[in-house]
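Survey of secondary and tertiary structure
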Amino acid sequence: MLIDIIGDIHGCRKEWVALTEKLGYKWTDGLPVHPDGRKLGFVGDLTDRGPDSLGVINDVYHLFTHDAAYYVPGNHCNKLYRYLKGNNVKIIHGLETTVDELNRLDSDEKELITKKFIELYEKSPLYQVLDNGKLVIAHAGIRHKDIGKLSKQITTFVLYGDITGEINSKGLPVRRDWAREYNGDAWVVYGHTPVHQVRFKNQTVNIDTGAVFGNLLSALRYPEMEVVSIQSGMDFIEEKFRDFD
Ligand code: MN
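Treat the numbers as computed from the prediction; the structure is a model and nothing was measured.

We now examine the packing of aromatic side chains. Summed over all chains, the structure comprises nine aromatic pairs. Relative to phenylalanine 42, the ring of tryptophan 16 has its centre 5.3 Å away and its plane inclined at 70 degrees; by these criteria the two rings are edge-to-face. Residue tryptophan 16 is located in helix α1 (residues 13–22), and its partner phenylalanine 42 is located in strand β4 (residues 39–42); the two are separated by 26 residues in the primary sequence. Each member of the pair, tryptophan 16 together with phenylalanine 42, is buried. An aromatic cluster is built from Phe157, Trp178, Tyr182 and Tyr190, whose rings are joined through pairwise contacts.

Let's shift gears to the coordination of the manganese ion. Here the manganese ion is held by Asp8 (OD), His10 (NE2) and Asp45 (OD), and the distances to it run 2.2 to 2.4 Å. For the manganese ion, all donor residues lie on one chain, and their spacing in sequence is D-x1-H-x34-D. One exposure class covers both aspartate 8 and histidine 10, and it is buried.

Strand order in the open sheet formed by five strands is β6-β7-β10-β12-β11, with mixed pairing between adjacent strands. Unpaired on one side and paired on the other, β6 (128–130) and β11 (199–201) mark the two borders of the sheet. Across this sheet, the average inter-strand angle for adjacent strands is 20 degrees, counted without regard to direction. As paired elements, strand β10 (residues 187–190) and strand β12 (residues 204–206) share three bridges and run parallel to each other. Counterpart to valine 189 in the pairing with β12 is valine 205.

Definitions and cut-offs
Within each chain, residues carry numbers counting from 1 in the order of the written sequence. Since the coordinates come from a predicted model, pLDDT governs what is reported: local features require at least 70, and pairs of side-chain atoms require 80 or more to be given and counted, while whole-chain, interface and lining totals use all residues. Computation of side-chain values covers all heavy atoms of the structure but excludes hydrogens and water. Working definition: rings of Phe, Tyr and Trp (its six-membered ring) pair if their centres are within 6.5 Å, and the pair is stacked with planes under 30 degrees apart, edge-to-face with planes over 60 apart, and tilted otherwise. We count a stretch as a helix when DSSP gives it H or I for four or more residues in a row; a strand needs E for two or more, and each element gets its number in order from the N terminus. Each residue gets one of three labels from its accessible area relative to the maximum for its type: buried under 20%, exposed over 50%, partly exposed in between, using a 1.4 Å probe on protein chains only. A donor here means any N, O or S atom no more than 2.8 Å from the metal (3.2 Å for Na, K and Ca); water is not included, so a site may seem to lack partners. Between any two strands, at least two bridges found by DSSP are needed for them to pair. In this analysis, axes come from line fits to C-alpha atoms, helices being fitted only over the stretch in contact, and the angle between any two N-to-C directions falls in the range 0 to 180 degrees.

This is a description of form; function is not addressed.
This is the structure we're talking about:
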């Protein structure tokens, strides 16, 4: 299988469109189509903080309905899902921008995009196991021993990473470097923790290069394992990056 896996987009639709073009896709009838029949993969966190979260939802939903994309939810997707289902969630950490976009729509448009996102979310697995088990896409990653399994703990890990419940000196949740101990044969492609450059560690690849924080939007070409990136037009916010060695 030929697939291009895209890092956390967070509403940076301009960068996402430019990245597909750099990857060789041509936009036809509102969808990026690759001449070699390549598909797209998404590590989740389509929305929040960037200027066009709803546009990104629309694109990914339409790719999904055309069997042209594999999507997994990120923690921001999970929160948006709970918000759209009527749960009482705090509208912070970027959700406020997506809610603003929704509130600018008329009620029919709002209902339609809500339906699309809920369908995309509910029809997608927590993580994708592809290419006969040789490729796993999981938002914040997954431990080797957990691939193929589901539990409450695995859900928390896949959405939030290897958190300890502690807060670091910058006020951010402590995340352990699970990729350092990863010893599986399957490639795990993930995002969630913004890094300055795509990070390869064991058989894992972090492709969240912090597009919404002004760095890069990146894709991994699989099985070639080539990285393709686009410079983001957002303001650069250095303190959002957390590189491990
Ligand atoms: Mn993210």
